[in-house]
Amino acid sequence: MKNTLKIVYVTIFLILFICLSLFFNFFFTKREYKNVNINVKKGTNFIQIYKDLKLNYGIMDRIYLKLNGGNIKLKVGTYKFNGKFSKYEIIKKIKNSETNGIRLTIPEGFTSKQVFARMEALELGNAEEINKVLSEVDFPYPHENNNFEGYFYPETYIFSENVTTKQVIRTILDEFLKKFPPEKYPDKQKFYDNLKLASIVEAEVPDAEDKPKVAGIFLKRLEVGMKLESDATLKYELGRQATRNDLKSQNTAYNSYKVKGLPPTPIGNPPIETFKAVLNAEKTDDLFFFTYKGKTYYSKTHEEHLKKRRESGQLK
């Protein structure tokens, strides 16, 4: 009997001790953060936030959030953590903070020049400040001559009024690294080549179902030694639509009608879905395509390609 009571008391003590430990850890144990920005988007939950802050999401966290409305009041925005915070303080900060800040939207396929222009218009930094920040960034993927084209991940970011250019750039690049963790892609040059191709596919076709097919055509052209012949690559360098004369006369590494292989850099900032379309490219017998009035046409030969262009009304 005495042994049974002893076991009961010990069990109760252990349960109380564990509960008190969880309680103390949640409300009073603090971790220090130095200028850490957490970008909360639509659909983000506290499990993801905890992961970004390198915190364990345990039973006390689940109970507290369950009793306090969970993610119902979670507000979209960028939250800065600088100092020491307990889990309770982190949740309270995100749930109660006002996020009527500066909204920076980077559409899919936007070029870095377009991103910089939008940042400058929102007073988030001018070209000189942006380039200075980029020159000091430690980044794991190729970016020769301070060129970060392809790494400004398309998303909507919300910043506080007093945000610095460095914090803006770091938040955007960190979003890219969350989508493309460096450890997942050990061959950085291969990754960069796939990113270049994804940027071209993004510029060429709007529909998700066409992207793996178009990626397959470009990959096949590369394999057989054909030129990519993408208007989008020269358009990127010129900053305008490339004319037939441009495609014939412009001697530049971005003119894929004259130069074989991929361009020196990506030609825009594609979303992860387009990158995956390249990784899962659909290779068929087709070597040609064109898009007209929202529809993409595919052909095996150049003759068939020209015929479909005439039939569709694109070529007159």
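Residues numbered from 1 in each chain as written. Predicted model: local features only at pLDDT ≥ 70, side-chain atom pairs only at ≥ 80, totals over all residues. Heavy atoms only, no water.

An unreviewed UniProt entry lists the chain under the name Endolytic murein transglycosylase, with Leptotrichia shahii as the source organism. Turning to the chain, the UniProt annotation filed under Subcellular location (unreviewed entry) states: "Cell membrane". Entered under Function (unreviewed entry) in the UniProt record, the comment concerning the chain runs "Functions as a peptidoglycan terminase that cleaves nascent peptidoglycan strands endolytically to terminate their elongation." (UniProt positions renumbered as here; feature names shortened; annotations may be inferred.)

Chemist: Could you clarify how one ought to interpret the overall build of the chain in this entry?
Modeler: Helix and strand counts for the chain come out as 13 helices and 6 strands. Summarising the internal contacts of the chain: among those between residues at least 6 apart in sequence, 66% fall at separations of at least 24. Here the chain has roughly 18,100 Å² of accessible surface; of this, 53% comes from carbon and sulfur atoms. (Helix = DSSP H or I, 4+ residues; strand = E, 2+ residues; numbered from the N terminus. Contact = heavy atoms within 4.5 Å. Areas by Shrake-Rupley, 256 points an atom, 1.4 Å probe, with all protein chains shown as cover.)

Chemist: Honestly, helix H5 (residues 112-121) in this entry has me stumped. Any pointers?
Modeler: Note: α-helices contain 3.6 residues per turn, so residues at a spacing of three or four share the same orientation. Of the residues making up H5, those classed as buried are Ser112, Val115, Phe116 and Met119. Around the axis of H5, the buried residues are gathered within 95 degrees of arc, so they sit on the same side. The outward face of H5, more than 90 degrees from its buried face, is lined by the exposed residues Lys113 and Ala121. Residues of H5 that are buried in the fold lie against strand S3 (102-105), helix H6 (127-135) and helix H7 (165-179). (Buried < 20%, exposed > 50% of the residue type's maximum accessible area, 1.4 Å probe, protein only. Arc of directions from axis to C-beta.)

Chemist: Is there a simple way to think about the packing of H6 against H7 in this case?
Modeler: The description of two packed helices rests on the angle between their axes and on the distance between the axes. At a minimum axis separation of 9 Å, H6 and H7 run at an interaxial angle of 60 degrees. Regarding the angle of H6 to H7, the classification is oblique. As H6 packs across H7, the resulting crossing turns out to be right-handed. Residues Glu129, Ile130, Val133 and Leu134 of H6 form the contact with H7, whose participating residues are Thr165, Lys166, Ile169 and Leu173. (Axes fitted to C-alpha atoms, helices over the stretch in contact; angles between N-to-C directions. Parallel < 35°, antiparallel > 145°, perpendicular 65-115°, else oblique. Left-handed = near helix turned anticlockwise from the far one by under 90°.)

Chemist: Just checking my understanding: could you explain the pattern of salt bridges for this structure?
Modeler: As a working rule, side chains carrying opposite charge can pair if their charged atoms are close by. Counting across every chain of the model gives 10 salt bridges. With a shortest N-O distance of 3.5 Å, Asp52 and Lys178 are connected by a salt bridge. Within this pair, whereas Asp52 is found in helix H2 (residues 46-52), its partner Lys178 is found in helix H7, the two being separated by 126 residues in sequence. Classification of Asp52 by relative accessible area gives partly exposed; the value is 29%. Notably, a salt bridge pairs Lys179 with Glu175, separated by 2.8 Å at the nearest N-O pair. With a gap of 4 residues between them, Lys179 and Glu175 both fall in helix H7, about one helical turn apart. Overall, the relative accessible area of 24% leaves Lys179 in the partly exposed class. (Salt bridge = Lys/Arg side-chain N within 4 Å of Asp/Glu carboxyl O.)

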